[in-house]
Amino acid sequence: MTNNARPDGTSATPDPAGPGSTTAAGVLGLLALRPWGTYDLTAQARRSLRFVLPRAESVLYAEPKRLVAKGFAAVREELTGRRRRRVYEITPAGREALRSWLGTPPAEPSLDIEPLLRVLFADQGSLDDLRASLDALDDWAAARIAEGAEICRGYLADEAPFPERLHINGLVADYYADLYTLTRAWVARARAEVDTWPGTAGVGLTPGTRAMVERVAALPLP
C-alpha cells in the first residue's frame, strides 16, 4: 500500500500547480516510469538525467521527499532482507503536474561551461592555463561520448531498462553525440590556433581567429 503522509505523519495535500522546478519535473518523469527506491532512483538519474539535467546526488536524494510533501509522489516502506527501504511512486496529482509541465513553453537552455569561461578570460593567465582549460573541455566531451556509446551498445543488445522508450532515447542520444563531437572538433581547432600565439594577452585578431569570426558573421539568419 502507498500513502501520501509526510515523514512527520501529517497529510500532504496535492498541490494544483506544476512541479515547481526542472529538478522536480525530472524526478517526476522517472517516477512516471515505475516506482523506485531512493538508491535505484539516483542510479537511474546518473544513467539518464545527468546528460540533460546534471544535479548533485544530494539534491536528487532530497527531491522525492519534496514531491511527497506536495502530494505528487507517495512513499511506502519495504523490507529487503533485514533492511527497510523507502519506495517512491508517482500519484495521479503528480502525473497531472508532469503533463501540465510538458504543455508549458520550455525555458531557454542554460550553458554553464567553466572551461569556456576560463578561455574567455585567458588573457589574465598563461598559455599553459589556456591549454589546460581546452584539455579539460576535450576530456569532458570524450568521456561523455564513451559513456553514451556504452549505453547505446546496451540498447542494441536488448539491455535497455525501458525498451518501449528507445524511440525517445535515440533522439536524445543523437543530439548529445553531435554536441560532444562538435565540442571535440572545436577544441582541436582552438588548440591549433593557440599554438600560433606568443602569449595570451594583446595578440589581437590573428588570421586564424579572423577566419573564425568571418565564418560566424556569414551564418544565415534563422
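The notes below deal with the structure included here. Remember, predicted model here, so these are calculated numbers, not experimental data.

### Quick word on the sheet that holds strand β3 (residues 83-90)
Now for step 1: Taken in spatial order, the three strands line up as β1-β3-β2 in an open sheet, and their pairing is antiparallel. The open sheet has two edge strands, β1 (36-37) and β2 (73-80), and neither has a second partner.
Now for step 2: One ladder, built from two bridges, connects β1 with β3; its direction is antiparallel. When the bridges of β3 are listed, G37 appears paired with V87.
Now for step 3: Along the sheet face, helix α1 (residues 22-31) touches β1, β2 and β3 and points at about 100 degrees away from the line of β3.

### Some words on the pairing of β2
Now for step 1: Pairing of β2 with β3, which is carried by eight bridges, proceeds in the antiparallel orientation. Of the residues in β3, the one forming a bridge with L79 is R84.
Now for step 2: Joining the antiparallel neighbours β2 and β3 is a turn of two residues, in which G81 adopts a positive phi near 70 degrees.

The rules we used
Throughout this description, residue numbers start from 1 for each chain and increase along the sequence as written. Under the rules for a predicted model, residues below a pLDDT of 70 receive no local features and side-chain atom pairs below 80 are neither given nor counted, while totals for whole chains, interfaces and linings still include all residues. Processing note: side-chain calculations cover all non-hydrogen atoms of the structure and skip hydrogens and water entirely. DSSP-based pairing: two strands are paired if at least 2 bridges between them are found. Counting from the N terminus, the helices are DSSP H or I runs at least four residues long and the strands are E runs at least two residues long. By definition, residues are in contact when any of their heavy atoms lie within 4.5 Å. Angles run from 0 to 180 degrees between N-to-C directions of axes, and those axes are lines fitted to C-alpha atoms, restricted for helices to the stretch in contact.

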